[in-house]
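Structural characterization, general
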Amino acid sequence: MYWRLRMLWDRVDAGALAFTAIAVGVIGALIATAFGVFEDRDARARRERERHATNIDCLARNVYFEARGEPLAGQYAVAEVTMNRRSRGLFRKSVCEVVYEPSAFSWTSQRSLPAPRGEPWNRARKVADAVYWQRHTPIVHGARHYHATYVKPAWAKDMKPVARIGRHVFYP
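Predicted, not measured: the structure shown is a model, and the values here were computed from it.

With respect to the state of the cysteines
Taken as a whole and judged by the stated rule, the model has one disulfide. Shown here is the disulfide that connects Cys-58 with Cys-96, its sulfur atoms set 2.0 Å apart. Across the S-S bond linking Cys-58 and Cys-96, the dihedral sits near 95°, which makes this disulfide right-handed. With Cys-58 in helix 2 (residues 14-67) and Cys-96 in helix 4 (residues 95-99), this pair connects stretches of sequence that are 38 residues apart. Each of the two residues, Cys-58 as well as Cys-96, counts as buried.

Some remarks on the sheet that holds strand 1 (residues 145-148)
With antiparallel pairing, the three strands of this open sheet are ordered in space as 1-3-2. The sheet is open, and its two borders are formed by strand 1 and strand 2 (163-165), each paired with just one other strand. Between one strand axis and the next, the sheet turns by 20° as a mean value, whatever way the strands run. Relative to strand 3 (residues 168-171), strand 2 is paired through three bridges, and the arrangement is antiparallel. Its bridge partner lying in strand 3, Ile-165 is registered against His-168. Along the sheet, helix 3 (residues 72-87) contacts strand 1, strand 2 and strand 3; its crossing angle with strand 3, the most-contacted strand, is approximately 35°.

Considering helix 5 (residues 118-132)
Over its 15 residues, helix 5 runs 21 Å from end to end, which matches the ideal 21 Å to within 8%, given 1.5 Å per residue. Within helix 5 the residues assigned to the buried category are Trp-121, Ala-124, Val-127, Ala-128, Ala-130, Val-131 and Tyr-132. One or two steps after helix 5, the chain reaches Gln-134, where phi turns positive at roughly 55°.

Side note on the pairing of strand 3
What you see with strand 3 is no split at all: His-168 and Phe-170 on one side and Val-169 and Tyr-171 on the other are buried throughout. As defined by bridge partners, strand 1 adjoins strand 3 across four bridges and the pair is classed as antiparallel. When the sheet's bridge partners are listed, Tyr-146 is paired in strand 3 with Phe-170. Between strand 2 and the antiparallel strand that follows it, strand 3, lie two residues; Gly-166 among them carries a positive phi value of about 60°.

Each value, and the rule that gives it
Residues numbered from 1 in each chain as written. Predicted model: local features only at pLDDT ≥ 70, side-chain atom pairs only at ≥ 80, totals over all residues. Heavy atoms only, no water. Disulfide = S-S within 2.5 Å. Helix = DSSP H or I, 4+ residues; strand = E, 2+ residues; numbered from the N terminus. Buried < 20%, exposed > 50% of the residue type's maximum accessible area, 1.4 Å probe, protein only. Pairing = 2+ DSSP bridges. Axes fitted to C-alpha atoms, helices over the stretch in contact; angles between N-to-C directions. Contact = heavy atoms within 4.5 Å. Expected span 1.5 Å × (residues − 1).

Here you go:
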């Protein structure tokens, strides 16, 4: 058996064998690299989808806790204010950072809140999704502040309201 392998080896062109081995190695390395690139791209896309989903959830919670009893236009306006704050350089960069910024929205300072549920939660999620992905025509153009009509914050006295929707007044 050994002498048969030895005869086969002697007949094989060593240069061609070496070239084939190197070519297979290079092709294998390229394939492995391509799989790595695709895996990295998919991981980045998955992280991006998760980031968007988290931000939409934060926006929906803000709409739910700030405006669930308001007319639909008021819910859209609250979502717009949140997104307008996010796009403004003075505020935080992510929607969740804007929502949970200390003293930004009254509900975030409460210790325990019931879990969002039911039709108001479904509506808040739809509103948040539409505003987040800019599929809703803005109704409070550029507004970054609002308050309920039953309060008179000191910061509002020097500002001109841009809209009043339901029980909220909106300001630039």
